[in-house]
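A closer look at the structure
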Amino acid sequence: MHLDFLILFGWMLILGVGLLAWRIGGGVERQVAMLVVVMSLAITLIGLIPDKAIQKPSYFLVDGLFGAGLMVMALRYTTAWLGLAVLLQAAQFSLHAYYLVAGKLYDSFYAMVNNLVSLGVLLCLGGGCLLAWRKRRHAARE
């Protein structure tokens, strides 16, 4: 029951920030929100794979693709919040690499870091939305 609530809460955060990006964000925020939602769906689908040996490399691949997508966006749009999101995603990619190479089982440390980094990326996206909204409001006043 506890785990179900956390999963539901996580999806509410992802979709809430995605809707925030769609409503008040600019173009880059919307693109990153779409990337976050698609990659979150991919991670969820990987979790449904019964063969646990395929899950670790699959998580690693999806996080690598997510990091590469964020990097392309950061190079194209050069915003500070997106640069921070790329750095956080690099930490998550390193976490996956460590657990994959070391052959360690996922533990509470992995879950904590993984969830905190994911929350950090969502906070960066939410902050970017608020900055874009504020910039548009300021431009409209002038």
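Keep in mind the model is a prediction, meaning the values are calculated, not measured.

1. Side note on the packing of aromatic side chains
In this structure the tally under the stated criterion is 7 aromatic pairs. Between Tyr99 and Tyr106, the ring centres sit 6.0 Å apart and the planes meet at 45 degrees, which makes this aromatic pair tilted. With relative accessibility at 1%, the residue Tyr99 sits in the buried group. On the basis of an interplanar angle of 15 degrees and a centroid distance of 4.0 Å, the ring pair of Tyr106 and Tyr110 is categorised as stacked. Of the residues examined, Tyr106 reaches a relative accessible area of 30% and is grouped as partly exposed. Classification of Tyr110 as buried rests on a relative accessible area of 7%. Joined through ring pairs, the aromatic side chains of Tyr59, Tyr98, Tyr99, Tyr106 and Tyr110 make up one cluster. The ring of Trp22 is capped by Arg30, whose NZ or CZ atom sits 5.4 Å from the centre of that ring. It is Lys56 that lies over the ring of Tyr106; its NZ or CZ is 5.3 Å from the centre.

2. Some words on unusual backbone geometry
The phi angle at Thr78 is positive, at roughly 40 degrees, despite the residue not being glycine. A relative accessible area of 63% means that Thr78 is categorised as exposed.

3. Side note on the layout of surface pockets
The volume enclosed by the largest pocket comes to roughly 1200 Å³. Along the wall of the largest pocket there are 31 residues; nearest its centre are Ile14, Ile43, Asn114, Asn115 and Ser118. If you list the elements that add at least two residues to the lining of the largest pocket, you get helix H1 (2–24), helix H2 (27–47), helix H3 (52–77), helix H4 (80–102) and helix H5 (108–141). Of the residues forming the lining of the largest pocket, the biggest block, 10 residues, is contributed by H5.

4. Looking at the nonpolar core
If you look at the biggest cluster of nonpolar residues, it comprises 26 residues, and the most contacted ones within it are Val32, Val36, Phe66, Leu70, Trp81, Leu82 and Leu125. Only H1, H2, H3, H4 and H5 provide two or more residues apiece to this core. Residue contributions to this core peak at 7 residues, all from H2. Sequence-distant contacts of Val32, that is, excluding residues within four places in its chain, are made with Leu70, Met73, Trp81, Leu82 and Leu125. By size, the runner-up hydrophobic cluster in this structure holds 5 residues, among which are Leu95, Tyr99, Tyr110 and Val113.

Criteria and thresholds
Residues numbered from 1 in each chain as written. Predicted model: local features only at pLDDT ≥ 70, side-chain atom pairs only at ≥ 80, totals over all residues. Heavy atoms only, no water. Phe/Tyr/Trp six-rings, centres within 6.5 Å; stacked < 30°, edge-to-face > 60°. Buried < 20%, exposed > 50% of the residue type's maximum accessible area, 1.4 Å probe, protein only. Lys NZ or Arg CZ within 6 Å of the ring centre and 35° of its normal. 1 Å grid on protein atoms, 1.4 Å probe; cavity = no way out; pocket = protein on both sides within 12 Å on 5 of 7 lines; lining within 4 Å. Points joined across faces, edges and corners; volume = space filled by probe spheres on them. Helix = DSSP H or I, 4+ residues; strand = E, 2+ residues; numbered from the N terminus. Core = buried A, V, L, I, M, F, W, Y, C linked by side-chain atoms within 4.5 Å. Contact = heavy atoms within 4.5 Å.

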